[in-house]
Amino acid sequence: MILTQCAVCATELGLSLGKKCGRCSTRYCGAECQKQHWEQRGHDKLCKLIKKAGGAEQYHADTKYTETVAVAAAACAEDTKGQTCYICGDDKEGLVRMCACRGTAGFAHVSCLAEQAKILLAEALENNLGDKTLDERWCRWHSCSLCEQNYHGVVTCALGWACWKTYLGRPEDDWARGAAMTRLGNGLHDAEHHEDALAVREAEFSITRRVGASGIDILVSQTNLANSYHALGRMEQALQLERGVYYDSLRLLGEEDGDTIRSANNYASSLVDLQRFEEAKSLLRKTIPVARRVLGDDNILTLKMRWYYAGALYTDPGATLDDLREAVTTLEDTERIARRVLGGAHPFTLAVERNLRNARFALRAHETPPPGSA
């Protein structure tokens, strides 16, 4: 459930407060708002339509999916001119890309990507293909099957809504439903709809605890919540959660587990943003070698950790000449790999390029003696 506010006055209802329309399950804080919605806001005309669509939650998800697909297609329109969908072969409007494919590869309709992901997951579940295959196929909801890199921006958001509308009708403790809620939160976050992402992640965290999820699933939910706090500038709240997730992951999963490495990256990011540079550098010097060994130099998580490390080096007011030189060298290597793996237009590659320019400027300023000092 992500509709956690009154449909009229936006009062926060959490997962259980207030009342619902008896026909379509639209939520209200009380009878007065429900009456106003029916008599003055047009609910009398929409109620049957919402019920027919599967209820308020399904109707909302379907509507948001349609809206975000249009946004994604518009954002990709220039890049997709004259191209065809690699799944259905059609060249009709509405194609997207936003992965790391180049040339004529990787163009598709969001509806085709969603249908492909749904079919692949259903086959894995029906044929009991095991957790490894299940995880690989679930990745189709957020990564390209051709270049195997994650989609980003508004395409991720559209796929998040596609995923949520597909599985939201399942029981609260269903694996796919929980994963779909995570996917929606991540998509909203990636498209910078951070308030909406926070609402989804708060609901996700509450449900995860209520259904008695595993400790690892709760850690994932806490991580998602911390990411939303971070994006909204609520840094101390983010740091408190991230620190706990990192040390719990280290204890439960070990230092070489991907989730532990990811939690170290999140923790370091908040330390850098809070200008706790020495703590960030100490953590990253310990965890970057593990990421390079386990994930490889080309993995985007490894690249992000090196990017944060370089940022901690050159933005520290106490940076030495050696620190600045190390930052520039690290960013030059990171930019080269990111450009090769992700492409020059990828948001991460562009961010690394900006930091590299800033680090070079800081290095030149440090190397150039002030006027009159000779």
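These figures come from a predicted structure and were not determined experimentally.

Trainee: It is not clear to me how the overall build of the protein chain should be interpreted in this structure. Could you clarify?
Mentor: Counting its secondary structure elements, the protein chain contains 16 helices and four strands. Over its C-alpha atoms the protein chain spans a radius of gyration of 23 Å, differing by no more than 12% from the 21 Å that the globule rule assigns to 374 residues. Across its three principal axes, the protein chain shows a C-alpha extent of roughly 80 × 45 × 45 Å. Here the protein chain holds 374 residues, and 47% of them are scored as buried.

Trainee: Got a minute to help me understand the packing of helix H6 (residues 131–138) against helix H8 (residues 175–190) in this structure?
Mentor: The contact between H6 and H8 brings their axes to 13 Å, and the two run at 35°. H8 is crossed by H6, and the crossing has right-handed handedness. Contacts from Leu134, Asp135 and Trp138 in H6 reach Trp175, Ala176, Ala179 and Ala180 in H8. Taken together, the residues of the contact of H6 with H8 sort by class into six nonpolar, no polar and one charged.

Trainee: How do you make sense of the side chain of Thr302 when you look at a structure like this?
Mentor: Residue position: Thr302 is located in helix H14 (residues 300–315). A relative accessible area of 1% places Thr302 in the buried class. Excluding anything up to four places from it in sequence, Thr302 contacts Ala291, Arg292, Leu295, Gly296 and Asp297.

Trainee: Would you take a moment to explain the packing of helix H12 (residues 258–273) against H14 for this structure?
Mentor: Contact geometry of H12 with H14 gives a least axis separation of 10 Å together with a crossing angle of 25°. With respect to each other, H12 and H14 are oriented roughly parallel. Pair H12 / H14 crosses with left-handed handedness. Residues Gly258, Ile261, Arg262, Ala264, Asn265, Ser269 and Val272 of H12 touch H14, and the partners they reach there are Leu301, Lys304, Met305, Tyr308 and Ala312. The residue inventory of the contact of H12 with H14, partitioned by class, reads seven nonpolar, three polar and two charged.

Trainee: Which parts of the structure should I look at to understand the packing of aromatic side chains?
Mentor: Tallying each qualifying case throughout the model produces nine aromatic pairs. The interplanar angle of 50° and the centroid separation of 6.3 Å between the aromatic rings of Trp138 and Trp141 together place this pair among those described as tilted. With relative accessibility at 1%, the residue Trp141 sits in the buried group. Through pairs of rings, three or more aromatic residues link up here, namely Trp138, Trp141, Tyr167 and Trp175. Positioned over the ring face of Tyr65 is Lys165, at 4.9 Å from the centre of the ring.

Trainee: Looking at this structure, how should I read the confidence of the model for the protein chain?
Mentor: Detailed reading of the predicted coordinates is not advisable wherever pLDDT is low. Of all residues in the protein chain, 98% attain a pLDDT of 70 or more, and the chain-wide mean is 92. When the elements of the protein chain are averaged for pLDDT, helix H2 (residues 43–53) gives the smallest value, 78, and helix H13 (residues 277–294) the largest, 98.

Trainee: Just checking my understanding: could you explain the pattern of salt bridges for this structure?
Mentor: Pairing between side chains of opposite charge can happen when the charged atoms of each approach one another. Tallying each qualifying case throughout the model produces 23 salt bridges. As a salt-bridge pair, Arg339 and Glu335 come within 2.9 Å of each other at their nearest N and O atoms. Of this pair, Arg339 and Glu335 are both found in helix H15 (residues 321–342), four residues apart, which corresponds to roughly one turn of the helix. Here Glu335 falls in the buried class, since its relative accessible area comes to 15%. The salt bridge involving Arg339 is made with Glu353; its shortest N-O contact spans 2.0 Å. Taken as a pair, Arg339 in helix H15 and Glu353 in helix H16 (residues 347–367) lie far apart in primary sequence, 14 residues in all. Assessed through its relative accessible area of 16%, Glu353 is described here as buried. Via salt bridges that share partners, Glu255, Glu256 and Arg293 belong to a single interconnected network.

Trainee: For this particular structure, what's the right way to read a nonpolar patch on the surface?
Mentor: Side chains of Ile216, Val220 and Leu252 sit close together on the surface and give an oily, nonpolar patch of about 220 Å² of accessible area. Relative to the assigned elements, Ile216 resides in helix H10 (residues 215–231). Note on Ile216: relative accessible area 36%, which makes it partly exposed.

Cut-offs used in this document
- Residues numbered from 1 in each chain as written.
- Predicted model: local features only at pLDDT ≥ 70, side-chain atom pairs only at ≥ 80, totals over all residues.
- Heavy atoms only, no water.
- Helix = DSSP H or I, 4+ residues; strand = E, 2+ residues; numbered from the N terminus.
- Rg over C-alpha atoms; globule rule 2.2 N^0.38 Å.
- Buried < 20%, exposed > 50% of the residue type's maximum accessible area, 1.4 Å probe, protein only.
- Axes fitted to C-alpha atoms, helices over the stretch in contact; angles between N-to-C directions.
- Left-handed = near helix turned anticlockwise from the far one by under 90°.
- Contact = heavy atoms within 4.5 Å.
- Nonpolar A, V, L, I, M, F, W, Y, C, P; charged D, E, K, R; others polar.
- Parallel < 35°, antiparallel > 145°, perpendicular 65-115°, else oblique.
- Phe/Tyr/Trp six-rings, centres within 6.5 Å; stacked < 30°, edge-to-face > 60°.
- Lys NZ or Arg CZ within 6 Å of the ring centre and 35° of its normal.
- pLDDT = per-residue confidence, 0-100.
- Salt bridge = Lys/Arg side-chain N within 4 Å of Asp/Glu carboxyl O.
- Patch = residues over 30% accessible without salt bridge, like charges linked within 9 Å, V, L, I, M, F, W, Y side chains within 5 Å.
- Areas by Shrake-Rupley, 256 points an atom, 1.4 Å probe, with all protein chains shown as cover.

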